[in-house]
Amino acid sequence: MSEKMNMSAVIIDDHPLARMAIRNLLEHEGMSVLGEAGDGAEALIAVAKFQPDVVIVDVDIPVMSGIEVVEKLRKQQFNQIIIVVSAKNDHFYGKRSADAGANAFISKKEGMTNILSAIRAAKNGYSYFPFSLNTFVGSLSSEQQMLQSLSSQEIKVMRAILAGADNKKIAGEMFISNKTVSTYKSRLMEKLGCKSLMELFSFANRNKIG
């Protein structure tokens, strides 16, 4: 029988059933869940309030993505364990999670119990990702490689476009000019080989990006 984990956690996911499943998993291992959040803004407040040992955050949450939450927490000198979970593109979001400063990435498709393995690995000073980040690029499909070529700003613009935001709204949310949004938009469309928004939506759907 594995040793119980006397650690605290905050769970961030916009699906109540997913939060419940993760809570049950953690509490069964002796962890205490101090709080939950359903979007990126609530996440930052909850982490600041509870100062947990572990933060578990889904990529696809409202207000700001899970990746952006990780980036902001690390900028705020939050040095505890952060685990990103997602049901979407493992390769793309796994790499982004690592770049943002997460300790681990868990695919929801592989089963939530991997969260426990990730916590144990992180507690012992190890990262937990579904692949070797350094050697993985060579085995990516051409579309995956295109995605990896995007900058973090281009990714934010792409996600905003996919969410239906226009240039003006994107500019306001990212604190940049309309012209800069257009530049990012042109660059990402060129990098992904998309000539229209319809092609971009199709590309995103094929690669489970949202």
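Every value quoted in this text rests on a predicted model; they were computed, and no experiment measured them.

Enquirer: Would you mind showing me how to read the sheet that holds strand E4 (residues 81-86) here?
Expert: The strands making up a sheet associate through hydrogen bonds between their backbones, and the pairing can be parallel or antiparallel. Taken in spatial order, the five strands of this open sheet run E2-E1-E3-E4-E5, and their pairing is parallel. Two strands bound the open sheet, and with one partner strand each, they are strand E2 (32-37) and strand E5 (104-107). The sheet shows a mean angle of 20 degrees between the axes of neighbouring strands, direction not considered. Examined bridge by bridge, E4 and E5 share four bridges and lie parallel to one another. Within the sheet, the bridge partner assigned to Ser86 lies in E5 and is Ser107. Along the sheet, helix H1 (residues 16-28) contacts strand E1 (8-12), E2 and strand E3 (54-58); its crossing angle with E2, the most-contacted strand, is approximately 165 degrees.

Enquirer: Is there a simple way to explain the environment of Leu44 in this structure?
Expert: Tracing the chain through its elements places Leu44 in helix H2 (residues 40-50). Judged by its relative accessible area of 16%, Leu44 is buried. Spatially, the C-alpha atoms of Leu44 and Phe105 are 19 Å apart, while their sequence positions differ by 61 residues.

Enquirer: Got a minute to help me understand the confidence of the model for the protein chain in this structure?
Expert: Residues shown with low pLDDT carry predicted positions that ought not to be read at fine detail. For the protein chain, the mean per-residue pLDDT works out to 88, and 92% of the residues sit at or above 70. Counting interchain partners and residues more than four positions distant, the pLDDT-below-50 stretch residues 132-138 has six contacts.

Enquirer: Help me out: how do you make sense of unusual backbone geometry in this one?
Expert: Only a minority of non-glycine residues have a phi that is not negative, and only a minority of peptide bonds are not trans. The phi torsion at Gln51 lies on the positive side, around 45 degrees, for a residue other than glycine. Relative to the assigned elements, Gln51 resides in the loop between H2 and E3. At Val63, a position not held by glycine, the phi torsion is positive, near 75 degrees. Of note, Val63 is situated in the loop between E3 and helix H3 (66-75).

Enquirer: Can you walk me through the pairing of E5 in this structure?
Expert: Walk down a regular strand and you will see the side chains alternate between the two sheet faces. The alternating pattern of E5 places Ala104 and Ile106 on one face and Phe105 and Ser107 on the opposite face, and all of these are buried. Taken together, E4, helix H4 (residues 90-100) and E5 form a β-α-β motif whose crossover is right-handed.

Enquirer: Explain helix H9 (residues 178-192) here, please?
Expert: The periodicity of an α-helix, 3.6 residues per turn, causes residues three or four positions apart to be oriented the same way. Here H9 is 15 residues long and its end C-alpha atoms lie 21 Å apart, about the 21 Å a rise of 1.5 Å per residue gives. Listed as buried for H9 are Val181, Tyr184, Leu188, Met189 and Leu192. Seen from one end, H9 has its buried residues packed into an arc of 130 degrees, which puts them on one side. Exposed residues lying more than 90 degrees from the buried face of H9 are Lys179 and Glu190. Residues of H9 that are buried make contact with helix H6 (142-148), helix H7 (152-162), helix H8 (167-174) and helix H10 (197-206). At the C-terminal side of H9, Gly193 shows a positive phi close to 70 degrees.

Enquirer: Would you mind going over the packing of H2 against H3 with me for this structure?
Expert: Axes are the key here: two packed helices are described by the angle between their axes and the distance separating the axes. Running from N to C, H2 and H3 point in directions that differ by 30 degrees, and their axes come no closer than 10 Å. Regarding H2 and H3, the two cross each other, and that crossing is right-handed. Across the interface between the two elements, Gly40, Ala43, Leu44 and Val47 of H2 pack against Val69, Lys72 and Leu73 of H3. Taken together, the residues that form the contact of H2 with H3 break down as five nonpolar, one polar and one charged.

Enquirer: Looking at this model, I keep getting lost on the nonpolar core. Mind explaining?
Expert: One finds Met158, Leu192 and Leu200 to be the most contacted residues of the largest nonpolar core, which totals 47 residues. In terms of residues, this core owes the most to one element, H7, which gives six residues.

Reading guide: rules and limits
- Residues numbered from 1 in each chain as written.
- Predicted model: local features only at pLDDT ≥ 70, side-chain atom pairs only at ≥ 80, totals over all residues.
- Heavy atoms only, no water.
- Pairing = 2+ DSSP bridges.
- Helix = DSSP H or I, 4+ residues; strand = E, 2+ residues; numbered from the N terminus.
- Axes fitted to C-alpha atoms, helices over the stretch in contact; angles between N-to-C directions.
- Contact = heavy atoms within 4.5 Å.
- Buried < 20%, exposed > 50% of the residue type's maximum accessible area, 1.4 Å probe, protein only.
- pLDDT = per-residue confidence, 0-100.
- Right-handed = clockwise from strand over helix to strand, strands pointing away.
- Expected span 1.5 Å × (residues − 1).
- Arc of directions from axis to C-beta.
- Left-handed = near helix turned anticlockwise from the far one by under 90°.
- Nonpolar A, V, L, I, M, F, W, Y, C, P; charged D, E, K, R; others polar.
- Core = buried A, V, L, I, M, F, W, Y, C linked by side-chain atoms within 4.5 Å.

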